[in-house]
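Inside the fold
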Amino acid sequence: EDQVTQSPEALRLQEGESSSLNCSYTVSGLRGLFWYRQDPGKGPEFLFTLYSAGEEKEKERLKATLTKKESFLHITAPKPEDSATYLCAVQAWNNNAGNMLTFGGGTRLMVKP
Amino acid sequence: EADIYQTPRYLVIGTGKKITLECSQTMGHDKMYWYQQDPGMELHLIHYSYGVNSTEKGDLSSESTVSRIRTEHFPLTLESARPSHTSQYLCASSRRQGYTDTQYFGPGTRLTVL
């Protein structure tokens with residue numbers, strides 16, 4: 001069974017204080033690892049897809065990296081508008097059920113000015 | 001930018017009422033999904049569709065039903081709402097891009113059953 005665990009559950013940062021969010025996963029054949037951002041009361045917004053170990057992707061202050069067991073979302077010099085819940089999800093090659101995603105519980109990020 | 005719409009955004013309704021949550025997408029995606037998410041909790045898949053006239057149940061058991069008569073439309077129906085159905089319902093759609101299907105989400109419907 002595919003599993004995704006995110007840590008920490010919540011993270012408080014001062015504006016400009018860089019940090020990383022962790023996503024540990026177990027899956028029988030990784031097809032893709034996805035990062036989403038979710039604001040309160042809204043649907044998740046797609047950020048990145050990573051396919052293989054060693055891959056990195058960047059978007060503004062965010063950089064996602066991938067190893068064979070985990071992914072990190074690095075946030076450089078965060079601003080208050082980066083406050084949100086960040087979700088990690090995996091998609092497996094042996095998934096016969098409509099390309100389902102298995103989601104982690106998310107990390108709630110709060111950036112104070 | 002994803003073009004996927006859900007209505008209503010908020011719904012407060014009494015026990016026993018029949019409700020339909022609407023979901024439409026204008027991207028021509030073949031696959032569509034419904035998730036349920038309680039506050040601060042994980043997303044759980046309740047229904048999905050490969051295409052027109054195709055519907056399947058997801059991991060989380062749900063008393064809701066879905067239909068897919070048109071590619072762009074994937075409504076979810078509760079025949080008799082109960083307080084246990086109170087939750088946020090998220091619709092998503094996807095199309096194959098390279099190795100994967102990237103799912104794009106709508107804004108969600110917050111349902112409260114009294």
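Structural notes, computed from the coordinates. (Residues numbered from 1 in each chain as written. Chains lettered and ligands numbered in written order. Predicted model: local features only at pLDDT ≥ 70, side-chain atom pairs only at ≥ 80, totals over all residues. Heavy atoms only, no water.)

**A word on the overall build of chain B**
- Along the backbone of chain B there are 0 helices and 11 strands.
- From first element to last, N terminus to C terminus, chain B shows the α and β order β-β-β-β-β-β-β-β-β-β-β.
- On C-alpha atoms alone, chain B measures out to a radius of gyration of 14 Å, which is about the 13 Å that the 2.2 N^0.38 rule sets for 114 residues.
- Counting only C-alpha atoms, chain B reaches 45 × 30 × 25 Å along its principal axes.
- Evaluated residue by residue, chain B yields a buried proportion of 48% over its 114 residues.
- Across chain B, contacts joining residues at least 24 apart in sequence account for 54% of those joining residues at least 6 apart.
- Just so you have it, chain B exposes about 5,600 Å², and 51% of that area is on carbon and sulfur atoms.
- Each charge class in chain B was averaged separately, 11 positive and 12 negative side chains, and the resulting centres sit 4 Å apart. (Helix = DSSP H or I, 4+ residues; strand = E, 2+ residues; numbered from the N terminus. Rg over C-alpha atoms; globule rule 2.2 N^0.38 Å. Buried < 20%, exposed > 50% of the residue type's maximum accessible area, 1.4 Å probe, protein only. Contact = heavy atoms within 4.5 Å. Areas by Shrake-Rupley, 256 points an atom, 1.4 Å probe, with all protein chains shown as cover. Lys, Arg positive; Asp, Glu negative; His and termini not counted. Charge placed at Lys NZ, Arg CZ, Asp CG, Glu CD.)

**Regarding the overall build of chain A**
- The helix and strand inventory of chain A stands at 0 helices and 11 strands.
- Reading the secondary structure of chain A in the N-to-C direction produces β-β-β-β-β-β-β-β-β-β-β.
- Along the longest, intermediate and shortest principal axes, the C-alpha atoms of chain A span 45 × 30 × 20 Å.
- Counting over 113 residues, chain A shows a buried share of 49%.
- Of the roughly 5,300 Å² of accessible surface on chain A, 47% is carried by carbon and sulfur atoms.
- The distance from the centre of the 13 positive side-chain charges to the centre of the 14 negative ones in chain A is 1 Å.

**Thoughts on the environment of Ser 93 of chain B**
Residue and element names in this part refer to chain B.
- Of note, Ser 93 is situated in strand β9 (residues 87-97).
- On a C-alpha basis, the gap between Ser 93 and Thr 15 in space is 30 Å, while along the polypeptide they are 78 residues apart.
- Within the structure, Ser 93 has its side chain in polar contact with the side chain of His 29 (distance 2.8 Å). (Polar contact = N/O pair within 3.5 Å; in protein donor to acceptor, adjacent residues only side chain to side chain.)

**Regarding the sheet that holds strand β3 (residues 19-26) of chain A**
All names here are of chain A.
- An order of β1-β3-β8-β7-β6 is seen for the 5 strands of this open sheet, with the pairing classed as antiparallel. Each edge of the sheet is formed by a strand with only one pairing partner; in this case those strands are β1 (3-7) and β6 (56-59). Between one strand axis and the next, the sheet turns through 15° on average, direction left out of account.
- In the sheet, β6 pairs with strand β7 (residues 62-66) via 4 bridges, with the strands oriented antiparallel. Bridge assignment links Lys 59 to a residue of β7, and that residue is Leu 62. (Pairing = 2+ DSSP bridges. Axes fitted to C-alpha atoms, helices over the stretch in contact; angles between N-to-C directions.)

**Thoughts on the nonpolar core**
- Counting residues in hydrophobic clusters, the biggest one holds 23 residues, and the most contacted among them are Leu 33, Trp 35, Leu 73 and Tyr 86 of chain A.
- Breaking this core down by element, the ones donating at least two residues are β2 (10-14), β3, β4 (30-38), β5 (45-50), β7, β8 (70-75), β9 (84-92) and β11 (107-112) of chain A.
- Per-element tally for this core: the top contributor is β9 of chain A, with 4 residues.
- Ile 19, Leu 21, Ala 81 and Cys 91 of chain B belong to the second-largest nonpolar core, a separate cluster that totals 18 residues. (Core = buried A, V, L, I, M, F, W, Y, C linked by side-chain atoms within 4.5 Å.)

**Quick notes on the state of the cysteines**
- Going through the model one piece at a time under the given rule, you end up with 2 disulfides over all chains.
- Note on cysteine connectivity: Cys 23 of chain A is disulfide-linked to Cys 88 of chain A, with sulfurs 2.0 Å apart. For the disulfide bridge between Cys 23 of chain A and Cys 88 of chain A, the dihedral angle about the S-S bond is near -65°, and by the sign convention the bridge is left-handed. Pair noted here: Cys 23 of chain A is in strand β3 and Cys 88 of chain A is in strand β9, with a separation of 65 residues, a long-range link. Side by side, Cys 23 of chain A and Cys 88 of chain A carry an identical accessibility label, which is buried.
- Put simply, Cys 23 of chain B and Cys 91 of chain B are joined by a disulfide, and their sulfur atoms are 1.9 Å apart. Given an S-S torsion of about -75°, the disulfide between Cys 23 of chain B and Cys 91 of chain B has left-handed geometry. (Disulfide = S-S within 2.5 Å.)

In short, shape yes, function no, at least from these values alone.
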